[in-house]
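Here are the chains, one letter per residue:
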Amino acid sequence: MSLTPQVYWAQRHHELYIRVELSDVQNPDISITDNVLHFKALGHGAKGVNTYEFSLEFLEPVKVKVVQRSTQRHVNLTVKKTESRWWPRLIKQERKPLFLAPDFDRWLDESDAEMELREKEEERISKIRTESRIREDPFLYVKRGYLFMYNLVQFLGFSWIFVNMTVRLFILGKDSFYDTFHTMSDMMYFCQTLAVLEIINPLIGLVKTGVVPALIQVLGRNFILFIVLGQLDEMQSKGAVFFVFYLWSTIEIFRYPFYMLACIDVHWKLLTWIRYTIWIPLYPLGALSEAVCIILSMPIFTETGKFSLQLPSPLNVNISFAVFLSIYLVLLFLGLAINFRHLHKQRRRRLGSRKRKMH
C-alpha cells in the first residue's frame, strides 16, 4: 500500500494553498490532469523515509500550472482557480479524507478574504494615485528638499539649545536657571523666527497640516519670547525661563527629525511613537511654564507702564498691559485645548490604526 502524507489547505478568491507535511523531499512528481492534483515524492513523513502519494479532485476547475516551493520541513503548492470565487470546500468528494485538514496558519473565512482583497485594492489605488501625483508635480523634489532642509535646520537649532542647557544644568545646577535667557536667547530667537514658515507652508499648500494649530503654537511662543521675555529685562533672569526653553526644545528635538525623515519617505517606528506621545506630558507643562512667566510679568508691566493703553478724552483711562495679559492667559489654555484635540486626533490616526490591525 502507498503511504499518504498529511495535507493542509487554505484558499483565497483566486487561488488555493496546499501544504504537504514531508521533509527532505526528493524527486517530487506533481501535476494536474483532468482537474485532479497528483502528488508523489520520496521524503520523510509520519512513517519515516518512504514514497508518499495522494490525489485530490478539485471542486471546481483550476489551471494546470502548479507553483511549487519546497523547504526542509514541507512542500508548498499554489494552484490558481479558473474563476475567482469562494469555494465551500476543496474537493468534489463531500466526505473529507482523513489526511486532509485546514491550514489554520493561512486560513481566512470568506468575509476576511474579501476584506483582504479590498485592502489590497485600496493599496493599489493609493499607489497609482501617489505615482500619478508625483508625475503631475514637477516641483515635488524641490518642495521636499526645501522641507527637509527647514526641518534639519530647526532640529540642529533646538538640539543646540537642549544640549547646552543640559550640560549647563549638570555643571552649574540651579544657578544655570537664572542666565538661561542671556545664553540661549539668540538661538531661540532664530528658531522661533524661522518657525513662522510653519504658518506659511500650509497656507501655500506645501504641507497638508492645519493652519490653525500652527498659528496658535508659533504666535503663542513668539508672544512669550519677543514680548513677555524680550521686552522686560527683569523677566530675563527668572528661573521660569529655563523651564520654558527646556520644554520647547525637548518637544522639537523629536518633532523635527520625524518630519525631516518623512520628506524622504523614511518612517522609524520608535521615533513615530515618541513624536505622537511625548507631547502628552510636555505640552501641558510647557503651557504651565508660559503661564507662570505671564503671571510674573504682570506686576512689572503695571509698574513700568510699558505697552499700556491711554484712552483719549473724555475717558482719560490708562489700561495696563497686564489686563491684556489676563485675557491672554485664558486664550493660552483655550489654545492648549485646541492643539491637544488636534494632536490627539493625529495620534489616534497614526498609532491607533496599528493597534487595531494587531488585534
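What counts as what
- Residues numbered from 1 in each chain as written.
- Predicted model: local features only at pLDDT ≥ 70, side-chain atom pairs only at ≥ 80, totals over all residues.
- Heavy atoms only, no water.
- UniProt positions renumbered as here; feature names shortened; annotations may be inferred.
- Helix = DSSP H or I, 4+ residues; strand = E, 2+ residues; numbered from the N terminus.
- Pairing = 2+ DSSP bridges.
- Axes fitted to C-alpha atoms, helices over the stretch in contact; angles between N-to-C directions.
- Core = buried A, V, L, I, M, F, W, Y, C linked by side-chain atoms within 4.5 Å.
- Buried < 20%, exposed > 50% of the residue type's maximum accessible area, 1.4 Å probe, protein only.
- Salt bridge = Lys/Arg side-chain N within 4 Å of Asp/Glu carboxyl O.
- 1 Å grid on protein atoms, 1.4 Å probe; cavity = no way out; pocket = protein on both sides within 12 Å on 5 of 7 lines; lining within 4 Å.
- Points joined across faces, edges and corners; volume = space filled by probe spheres on them.
- Nonpolar A, V, L, I, M, F, W, Y, C, P; charged D, E, K, R; others polar.
- Parallel < 35°, antiparallel > 145°, perpendicular 65-115°, else oblique.
- Left-handed = near helix turned anticlockwise from the far one by under 90°.
- Contact = heavy atoms within 4.5 Å.
- Expected span 1.5 Å × (residues − 1).
- Bend = angle between axes of the 7 residues up to and from the residue.

Per an unreviewed UniProt entry, the protein goes by the name Very-long-chain (3R)-3-hydroxyacyl-CoA dehydratase and belongs to Engystomops pustulosus. Per UniProt, the protein has the following entry under Subcellular location (unreviewed entry): "Endoplasmic reticulum membrane". The protein has a UniProt comment under Pathway (unreviewed entry) that states "Lipid metabolism; fatty acid biosynthesis."

Moving on, we get to the UniProt feature "domain: CS" (unreviewed entry) in the protein. According to UniProt, the positions carrying the feature "domain: CS" (unreviewed entry) are residues 2–91. Between the C-alpha atoms that bound residues 2–91 there is a distance of 21 Å. The span itself is 0% helix and 64% strand.

The next point concerns the sheet that holds strand E3 (residues 23–33). Strands sit in the order E3-E4-E5 across an open sheet of three strands; the sheet is antiparallel. Both outer strands of the open sheet, E3 and strand E5 (48–57), are each paired with one neighbouring strand and no more. Neighbour to neighbour, the strand axes of the sheet diverge by 10° on average, direction disregarded. Two elements, strand E4 (residues 36–45) and E5, share ten bridges in a ladder whose sense is antiparallel. Directly across from histidine 44, in E5, lies its bridge partner valine 49.

Residues annotated in UniProt with the feature "transmembrane region" (unreviewed entry) correspond here to residues 145–167, 187–207, 244–264, 276–301 and 321–340. For the annotated span residues 187–207, helix accounts for 71% and strand for 0% of the residues, and the straight-line distance between the end C-alpha atoms is 25 Å. Secondary structure within residues 321–340 divides into 100% helix and 0% strand; the distance between the first and last C-alpha atoms comes to 28 Å.

In this structure, Leu229, Phe245 and Ile294 are the most contacted members of the largest nonpolar core, which totals 38 residues. Counting residues per element, the ones that place at least two in this core are helix H2 (140–172), helix H3 (180–194), helix H5 (211–229), helix H6 (240–262), helix H8 (279–304) and helix H9 (321–358). Examining the composition of this core, we find that eight residues originate from one element, H6, more than from any other. Among the nonpolar cores identified, the runner-up in size contains 25 residues, and Ile18, Phe58, Leu59 and Ile91 belong to it.

The next subject is the environment of phenylalanine 104. Position of phenylalanine 104 relative to the elements: it lies in the loop between strand E8 (100–102) and helix H1 (110–136). The sequence separation of phenylalanine 104 and alanine 10 amounts to 94 residues, and the corresponding C-alpha distance is 7.7 Å.

A full pass over the atoms with the stated rule returns ten salt bridges. With a shortest N-O distance of 2.5 Å, arginine 168 and aspartate 179 are connected by a salt bridge. Here the residue arginine 168 occupies a position in helix H2, and aspartate 179 occupies one in the loop between H2 and H3, the gap between them amounting to eleven residues. On the basis of relative accessible area, aspartate 179 is assigned to the partly exposed category, the value being 26%.

The pairing of strand E6 (residues 62–70) with strand E7 (residues 75–81) spans six bridges and is classified as antiparallel. Counted as the bridge partner of valine 67 is threonine 78 from E7. As consecutive antiparallel partners, E6 and E7 are separated by four residues.

What follows covers the layout of surface pockets. Estimates place the volume of the largest pocket at around 1400 Å³. When contributions to the lining of the largest pocket are tallied by element, the ones reaching two or more residues are H1, H2, helix H4 (197–203), H5, H6 and H9. The residue inventory of the lining of the largest pocket, partitioned by class, reads 18 nonpolar, eleven polar and eleven charged. One number sums up the size of the second largest pocket: a volume of about 340 Å³. Considering the residues around the second largest pocket, the lining is formed by 19 residues, among which Ile216, Gln217, Glu290, Leu332 and Leu336 are closest to the centre. Of all the secondary structure elements, the ones that give two or more residues to the lining of the second largest pocket are H5, H6, H8 and H9. For the lining of the second largest pocket, the element with the highest residue contribution is H9, accounting for eight residues. For the lining of the second largest pocket, a count of residues per class yields twelve nonpolar, five polar and two charged.

Packed helix pairs are specified by the crossing angle of their axes together with the interaxial distance, meaning the distance between the axes. Contact pair H5 / H6: the axes reach a minimum separation of 13 Å and the direction vectors enclose 150°. Accordingly, the angle class assigned to the pair H5 and H6 is roughly antiparallel. Crossing geometry of H5 relative to H6 is assigned as left-handed. Here Gln217, Arg221, Ile224, Leu225 and Leu229 of H5 lie close against H6, whose contacting residues are Val241, Phe245, Trp248, Ile251, Glu252 and Arg255.

A few words now on H8. Compared with an ideal rise of 1.5 Å per residue, which puts 26 residues at 38 Å, H8 spans 36 Å between its outermost C-alpha atoms and is within 8% of the ideal. When the local axis directions of H8 are compared, the greatest deviation, roughly 30°, occurs at serine 297, which is followed within four positions by the proline proline 299. Following H8 by one or two positions, glycine 305 adopts a phi angle in the positive range, close to 75°.

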